[in-house]
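One-letter residues, chain by chain:
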Amino acid sequence: MRIVPRSFGPTTILDCRESFDPQAGRVIREAMDTAMNGGCEHLVFNLDKMNFLDSMTIGLLVVIQKDFDVLRDKVSLLHPQQPLRHALQNCNLQSMLRIYETEAAALANSLVPA
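Residues numbered from 1 in each chain as written. Predicted model: local features only at pLDDT ≥ 70, side-chain atom pairs only at ≥ 80, totals over all residues. Heavy atoms only, no water.

Spatially, 5 strands are ordered 1-2-3-4-5 in an open sheet, and the strand pairing comes out mixed. Both edges of this open sheet fall to strand 1 (2–8) and strand 5 (98–100), since each of them pairs with a single strand only. Shown here is a sheet whose adjacent strand axes are inclined to one another by a mean of 25°, direction ignored. Across 5 bridges, strand 2 (residues 11–17) lies against strand 3 (residues 42–46) in parallel orientation. Along strand 3, the bridge assignment pairs Leu-14 with Phe-45. (Pairing = 2+ DSSP bridges. Helix = DSSP H or I, 4+ residues; strand = E, 2+ residues; numbered from the N terminus. Axes fitted to C-alpha atoms, helices over the stretch in contact; angles between N-to-C directions.)

Another aspect to go through is the pattern of salt bridges. Within this structure, the stated rule accounts for 5 salt bridges. For Glu-30, the salt bridge identified is with Arg-26, shortest N-O distance 3.1 Å. Of this pair, Glu-30 and Arg-26 both sit in helix 1 (residues 24–37), separated by 4 residues, roughly a single helical turn. For Glu-30, a relative accessible area of 41% gives the class partly exposed. Put simply, Arg-6, Asp-15 and Glu-103 are held in one network by salt bridges that share partners. (Salt bridge = Lys/Arg side-chain N within 4 Å of Asp/Glu carboxyl O. Buried < 20%, exposed > 50% of the residue type's maximum accessible area, 1.4 Å probe, protein only.)

It is worth spelling out the pairing of strand 3 at this point. Strand 3 sits mainly inside the fold: 5 of its 5 residues count as buried. Going residue by residue along strand 3, you find His-42, Val-44 and Asn-46 tucked away on one face and Leu-43 and Phe-45 tucked away on the opposite face as well. Pairing between strand 3 and strand 4 (residues 74–78): 5 bridges, direction parallel. Within the sheet, the bridge partner assigned to His-42 lies in strand 4 and is Lys-74.

Quick look at the pairing of strand 2 now. Most of strand 2 sits out of view: 6 of its 7 residues are buried. Sheet topology note: the strand 1/strand 2 ladder contains 7 bridges and is antiparallel. Looking at strand 2, one finds that Val-4 is bridged to Asp-15. Between strand 1 and strand 2, which pair antiparallel in sequence order, lie 2 residues; one of them, Gly-9, sits at a positive phi of approximately 60°.

With respect to the helices, strands and loops of the structure, Thr-102 is situated in the loop between strand 5 and helix 4 (103–109). Distance in space between the C-alpha atoms of Thr-102 and Leu-47 is 11 Å, their sequence separation being 55 residues. There is a polar contact of 3.1 Å between the side chain of Thr-102 and the backbone nitrogen of Ala-105. (Polar contact = N/O pair within 3.5 Å; in protein donor to acceptor, adjacent residues only side chain to side chain.)

Our focus in this paragraph is unusual backbone geometry. Positive phi is not limited to glycine here, since His-79 has a value of about 45°. Note on placement: His-79 falls in the loop between strand 4 and helix 3 (82–90). Within the chain, Asn-92 stands out as a residue other than glycine whose phi angle is a positive 60°. The residue Asn-92 is located in the loop between helix 3 and strand 5 in this model.

This is the structure we're talking about:
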């Protein structure tokens, strides 16, 4: 798995590339730690190239949301494909993680307090 971070002021967008693999947890955690240490207030996972998340990765997203929530920061998802959206709905994660259809909407929401 590969993650390409892009920063826009208080927001960091993590472009998730390739498929999630056994190293995904480590790669995601490292990207999150780097963003948090850099002052990120809104972490956005861009899932537009992904069509599958395993249960470990879904659990990690929940842990990341809880870590950020302690800091009153936000974690969001950007443009998940339909199979992935269905899995997120089955896990009721849309109640914890805001889902945006466009990058502009995610960035605009960064200006709104958590």
